[in-house]
Amino acid sequence: MLLFMCFCIGPSTGFNATAAKANVGVVLDLDTTLGKICKTCISMAIEDFYSNRDYNTMIEPHFRDSRSDLVTAASAAIDLLKNAEVMAIIGPQKSFQAEFVIDIGDKVEVPIISPATSPSVSPKDSSYFIRSAWCSSSQVRAIAAIVKKFGWREVVFVYEDTNYGSGLVPYLTVDLLKSNAVVSHQSVIPANATEDRIRQELFKLMKMRTRVFVVHMLPGLASRFFNVAKEAGMMDKGYAWLIADVLTSLLDSMDPQTMEAMQGVLGVKAYVPESVKLIDFKKRWRKRFHTENPEMNRTELNVLGLWAYDSIAVLAEAIERAGVTSPQFNRSVDSGNLTDLDSIGTSLAGPSLVGWIRNHTSKGLSGDFNISNGELQPSAFEIVNVNGKKEIPVGFWTEHCGISRELKPDDHQDNCSTGNTNLDPIVWPGKETKVPKGWEIAVSGEKFRVGIPAKTSFREFSVVEKNEETGVVEAKGFCIDVFEAVWEKIPYHVPVEYVPYDTTDGGYNELSQKMDEERRQQGLDALVGDLTVTASRSEHVDFTVPYTESGVAILVPIRANEGKNAWIFMKPLTTGLWLTIGTFFVYTGFVVWVLEHRVNKAFQGPPNQQVGMIFWFSFSTLVFAHREKVTSNLTRFVVIIWVFVVLVLTSSYTANLSSMLTVYQLQPKINDVNDLVKNGEFVGYQLGSFVRGFLTNNGILPSSSLKSYSTVDQFHEALSKGSRNGGVGAVIDELPYIRLLLSKHCDKYTIIGPIYPTSGLGFAFPKGSPLVFDVSREILRLKEDKDLMMRITKKWLGDEKECPNADGALSTSQRLNLDSFKGLFVIAGVSSTLALAIFLSHFLYENRYVLESTVSRKEKLLGLARIFSREKDELLSPKETRCPDCGVEQQQVQP
């Protein structure tokens, strides 16, 4: 038979004796500290509510002890409904208890106001459930923000094996992913686990590399858990522990031994703003609680007790509005075959009560007490650090501003300060002030084992050898220097041990595929070498960002010097441009002759001399060797424009000819990959490289045309021979290897397009390794440090400054065409034509009497031609004479 403890508060002096009694059930675990805290708060809330106002109703509480048991909690609820006819039930405390009691409340239509925090119990699924505490899922964003703040990439989630514990799993996983972190492992601890059972689970966690733990459990289990964790050495330097609410809010109830074990723990809990009313209540509560529970002198008031206090105030207000009905329940008339639950009937006041409580806003002792859709809404979380015998606030988290050192009263995104995102100093486990990195590379003093490909090709990139004297494996090369430069910047010191790895069986693809197997057998923690990042390899390992330039390029020899060609001087200009220039030379010479013929003796004489003058004058302007003086202003205008055109043409011709004489010494024998296929050329590639599969799988080249080589010298020898002499016509490889070859033979080879995009060289780590992020970040910093990266590159791959062009020899030089000078020719043509038109207009006007004569058209043209052919006579006396040449009279005027 179940025993129930019933406590009734009688009316105090001044209470309204005629007020209608409103029976309210209270189901608490009165054998726990939290239960006792809430009981005192509820009693004081009833007294405070009715002592300060007029009222028509009065809550009469009926306390029941659920003894932390599901069945007892359900039996207590049925007893309260059947025998006490309660209008509402406060509690139970735990989620697994509340789940069944809520179903009962739905059936009898009685509000169940419970602080159950598990997301598995939701007001969305029950019309009569009001959650009077913050749902535990509301804190996961704060926890994820802390994980992101300290740069942790993996966490282990430790929780008790109850609905309360497991309810946080999906929410924490999703929010951590949004913060670029993952739950690498889940550790489930039974709620009644012994210390031996906890110790077994902790030993499993110690073997993992992750050192960040999020703990979600109730105080009873948490006390045993952290004491065992301290014994196991997991509360020392290097570990990070985060605890979730409600545990954080109940730290005051922990015994001193547990608090000592939890040194350095971070926690989040609901923030309660201080107020005068709250300070006064704490004093009164402490006095009354210690009077009722003299054996619990260390216990302090927490937010769960304040929520219980505010819940009673809301319920009392709702009952005052709804009133007390008699009878309280609508019972069925036929009750012969009904169960105890069916015989209770349905509450008459329940629907009106729940309608008012499920959406309510007020200011309580806990701050803003806002219930929306049956759920108390969260606001700010306080971040605390266990240091000494208590928890110390180090910051806050809000939805709008995230993490901040101080909390502003008006929490809006516009008021968020970018300089307020740090936390106060934190003491981590082991009294460490430096933020734990969140993982350990190895345990028991093991070294970080790095696999190095043992190969004989391209030793400039990586080579691994065993020192015969010391027996230590030594590695060197471009890739090794880059790795060591990066490793020195990692914010923790870990000794490195190089391990040779044979790649003769399957190349680098086989190496990456066996990474997991080799890691288990040899304990390999990373692969360092000239390992190219590819999609297929990334299925087996995690790559860092590339530390070299990416791309697969084609290297070909340059052809022999063609600058000895007898007609090389014609190459700078296209045929069309040559013809246009010649035409304008003749046309300009003709215009100048026309303008100067009548007034300049140098442009007169026999016909053959005049024709020669046309060509001589215009072509002599090429070298500015014309000696003939021009007298006409129109001629001067034409000559000025033409000399400018000639200057531009000669300068452009000279520059392009010089370029061609240089470039023709460096022209490639092959212009693109199609020439390789068309000419049947063999192509070299590096042995063991992914390039062979890249070329064949993408249909770029057939496998029959590919030849493998292992060193730079072999590449050079094969290119020197050519395909017809047992060598190759081109080499296709990644850019770092091509650059190495060019640094040694810059004047013999050149890169031709296209450059096929690839991902470059990177370091490989086992799947899920947290090192990838830290190493990638340091690689990016190294690449930004141009001096250090250039020194490493120059040391192993040569100095690019010794090669004038990074791609080797130049590959093309464009001939000048007519489009390049179209504007110049338009200017020259228009100016010459305009000058010629002005001259002809003036000439015809002077000799208009010829045009006005009555002779035939032929005679007129012949007359004008005879006048043009003679030198212009400017000293004639005025008399009327007959022109013997044209057969007409003309007026001559003497000045």
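Keep in mind that what you see is a predicted model, and the values were worked out from it rather than measured. (Residues numbered from 1 in each chain as written. Predicted model: local features only at pLDDT ≥ 70, side-chain atom pairs only at ≥ 80, totals over all residues. Heavy atoms only, no water.)

(A) Structural detail: the layout of surface pockets. Within this model, the largest pocket holds a volume of roughly 1100 Å³. Residue lining of the largest pocket: 40 residues in total, with Trp134, Gln377, Pro378, Ser379 and Ala380 positioned closest to the centre. Elements with a minimum of two residues in the lining of the largest pocket: helix 11 (303-322), strand 14 (367-372), strand 15 (375-376) and strand 17 (390-398). Residue contributions to the lining of the largest pocket peak at 5 residues, all from strand 14. Of the residues assigned to the lining of the largest pocket, the class counts are 19 nonpolar, 12 polar and 9 charged. Of the pockets and cavities examined, the second largest pocket occupies roughly 780 Å³. Tallying contributions element by element places helix 8 (residues 219-231) first for the lining of the second largest pocket, with 5 residues. Looking at the lining of the second largest pocket, its residues break down into 20 nonpolar, 14 polar and 3 charged. (1 Å grid on protein atoms, 1.4 Å probe; cavity = no way out; pocket = protein on both sides within 12 Å on 5 of 7 lines; lining within 4 Å. Points joined across faces, edges and corners; volume = space filled by probe spheres on them. Helix = DSSP H or I, 4+ residues; strand = E, 2+ residues; numbered from the N terminus. Nonpolar A, V, L, I, M, F, W, Y, C, P; charged D, E, K, R; others polar.)

(B) The side chain of Ser705, seen in detail. With respect to the helices and strands, Ser705 occurs in the loop between helix 21 (691-697) and strand 27 (706-709). Excluding anything up to four places from it in sequence, Ser705 contacts Glu681, Phe682 and Val683. (Contact = heavy atoms within 4.5 Å.)

(C) Examining the environment of Thr793 more closely. Its place among the elements puts Thr793 in helix 25 (residues 786-797). Since its relative accessible area comes to 19%, Thr793 is described here as buried. Separated by 332 residues in sequence, Thr793 and Phe461 have C-alpha atoms that sit 10.0 Å apart. When near neighbours in sequence (up to four residues on either side) are disregarded, Thr793 contacts Phe478 and Gly798. A distance of 2.8 Å separates a polar atom in the side chain of Thr793 from the backbone oxygen of Met789. (Buried < 20%, exposed > 50% of the residue type's maximum accessible area, 1.4 Å probe, protein only. Polar contact = N/O pair within 3.5 Å; in protein donor to acceptor, adjacent residues only side chain to side chain.)

(D) Local environment of the sheet that holds strand 9 (residues 240-243). Within the open sheet, the 8 strands sit side by side as 7-6-8-9-10-16-17-18. Their pairing is mixed. If you trace the sheet from one side to the other, it starts and ends with strand 7 (182-189) and strand 18 (402-404), each paired once. Going across the sheet, the axis of each strand differs from the next one's by a mean of 30°, ignoring polarity. Looking at chain direction, strand 8 (residues 212-216) and strand 9 are connected through 4 bridges and run parallel. Bridged to Phe213 within strand 9 is Trp241. The strands that helix 8 touches are strand 6 (154-160), strand 7, strand 8 and strand 9; relative to strand 9, the one it contacts most, it runs at about 175°. (Pairing = 2+ DSSP bridges. Axes fitted to C-alpha atoms, helices over the stretch in contact; angles between N-to-C directions.)

(E) Region of interest: empty space enclosed by the protein. Applying the stated criterion across every chain yields a total of 2 cavities of 30 Å³ or more. If you add up the space inside the largest cavity, you get close to 90 Å³. Lining the largest cavity are 14 residues, and of these Thr117, Trp134, Asp245, Val246 and Trp307 sit closest to its centre. No other element matches helix 11, which puts 3 residues into the lining of the largest cavity. The residue makeup of the lining of the largest cavity, split by class, is 8 nonpolar, 5 polar and 1 charged.

(F) Region of interest: the packing of helix 11 against helix 13 (residues 350-357). Where helix 11 meets helix 13, the closest approach of the two axes is 9 Å, and the angle between their N-to-C directions is 130°. Classified by the angle between their axes, helix 11 and helix 13 sit oblique to one another. When the axes of helix 11 and helix 13 are compared, the crossing they make is right-handed. Seen from helix 11, the contacting residues are Val314, Leu315, Glu317, Ala318, Ile319, Arg321 and Ala322; seen from helix 13, they are Ser352, Leu353, Trp356 and Ile357. Split into classes, the residues belonging to the contact of helix 11 with helix 13 amount to 8 nonpolar, 1 polar and 2 charged. (Parallel < 35°, antiparallel > 145°, perpendicular 65-115°, else oblique. Left-handed = near helix turned anticlockwise from the far one by under 90°.)

(G) Layout of the packing of helix 14 (residues 478-487) against helix 24 (residues 771-784). Put simply, helix 14 and helix 24 touch, their axes get as near as 9 Å, and they point 105° apart. When the axes of helix 14 and helix 24 are compared, the pair comes out roughly perpendicular. On helix 24, the residues that touch Val482, Ala485, Val486 and Trp487 of helix 14 are Leu771, Val775, Glu778, Ile779 and Leu782. In terms of residue class, the contact of helix 14 with helix 24 is made up of 8 nonpolar, no polar and 1 charged.

(H) Region of interest: the state of the cysteines. The final tally for this structure, using the stated rule, is 0 disulfides. Cys41 takes part in no disulfide bond, and the closest cysteine sulfur to it belongs to Cys38, at a distance of 6.3 Å. When its relative accessible area of 0% is taken as the criterion, Cys41 is described as buried. (Disulfide = S-S within 2.5 Å.)

(I) View of the environment of Val303. Within the secondary structure, Val303 is located in helix 11. For the pair formed by Val303 and Val272, sequence separation is 31 residues and the distance between their alpha carbons is 7.1 Å. The contact partners of Val303, leaving out residues within four places of it in the chain, are Ser249, Ala270 and Val272.

(J) Layout of the pairing of strand 8. Within strand 8, 5 of the 5 residues are buried, leaving the element largely enclosed by the surrounding structure. Side chains Val212, Val214 and His216 of strand 8 all project onto a buried face; the interleaved residues Phe213 and Val215 project onto the opposite face, where all are buried too. Examined bridge by bridge, strand 6 and strand 8 share 4 bridges and lie parallel to one another. By the bridge assignment, Val156 is partnered in strand 8 with Phe213.

(K) Looking closely at the sheet that holds strand 28 (residues 730-734). With respect to topology, 5 strands assemble into an open sheet ordered 27-26-28-25-29, the strand pairing being mixed. The two strands at the open ends of the sheet, each matched to only one other strand, are strand 27 and strand 29 (749-756). Pairwise comparison of adjacent strand axes, ignoring direction, gives a mean angle of 30° for this sheet. Here helix 22 (residues 712-721) sits on the sheet and contacts strand 25 (552-557), strand 26 (683-686), strand 27, strand 28 and strand 29; the angle it forms with strand 28, its principal contact strand, is near 150°. Along the sheet face, helix 23 (residues 735-744) touches strand 25, strand 26, strand 28 and strand 29 and points at about 130° away from the line of strand 28.

(L) The pattern of salt bridges, seen in detail. One pass over the full model with this rule turns up 32 salt bridges. The residue Asp481 makes a salt bridge to Lys795 at a minimum N-O spacing of 3.3 Å. Taken together, the residues span a long stretch of sequence, with Asp481 in helix 14 and Lys795 in helix 25 at a distance of 314 residues. Assessed through its relative accessible area of 16%, Asp481 is described here as buried. Residues Lys678 and Asp675 are paired through a salt bridge, measuring 3.7 Å at the closest nitrogen-oxygen approach. Of this pair, Lys678 and Asp675 both sit in helix 20 (residues 673-678), 3 residues apart, which is roughly one turn of the helix. (Salt bridge = Lys/Arg side-chain N within 4 Å of Asp/Glu carboxyl O.)

(M) Spotlight on the packing of aromatic side chains. Inspection of the entire model under this criterion finds 33 aromatic pairs. Considering the side-chain rings of Phe225 and Trp241, the 5.8 Å spacing of their centres and the 75° angle between planes classify their relative orientation as edge-to-face. Remark: Trp241 occurs in strand 9 and Phe225 occurs in helix 8; sequence separation between them is 16 residues. Here Trp241 falls in the buried class, since its relative accessible area comes to 0%. Ring centres of Phe448 and Trp487 lie 4.8 Å apart, and the angle between their planes is 20°; this geometry places the pair in the stacked category. Of this pair, Phe448 sits in strand 19 (residues 448-454) while Trp487 sits in helix 14, and the two are 39 residues apart along the sequence. Taken individually, Phe448 and Trp487 each receive the classification buried, so the pair is uniform in this respect. Feature note: the residues Phe448, Phe458, Phe461, Phe478, Phe483, Trp487, Tyr547, Tyr709, Phe715, Tyr737 and Phe763 constitute an aromatic cluster, connected by ring pairs. The residue whose ring lies beneath Lys39 is Phe63, and the NZ or CZ to ring-centre distance is 5.3 Å. For the cation-ring pair, Arg153 lies above Phe773, with the distance from its terminal atom to the ring centre recorded as 4.5 Å. (Phe/Tyr/Trp six-rings, centres within 6.5 Å; stacked < 30°, edge-to-face > 60°. Lys NZ or Arg CZ within 6 Å of the ring centre and 35° of its normal.)

(N) Seen up close, helix 28 (residues 857-869). Relative to the 18 Å expected for 13 residues at 1.5 Å per residue, helix 28 spans 18 Å between its end C-alpha atoms, a close match to the ideal helical length. Inspection of helix 28 places Lys860, Gly863, Leu864, Ile867 and Phe868 among the buried residues, and these make up the whole buried set. The buried side chains of helix 28 occupy one side of the element, clustering within an arc of 135° when seen end-on. Of the exposed residues in helix 28, the ones pointing more than 90 degrees away from its buried face are Lys858 and Leu861. (Expected span 1.5 Å × (residues − 1). Arc of directions from axis to C-beta.)

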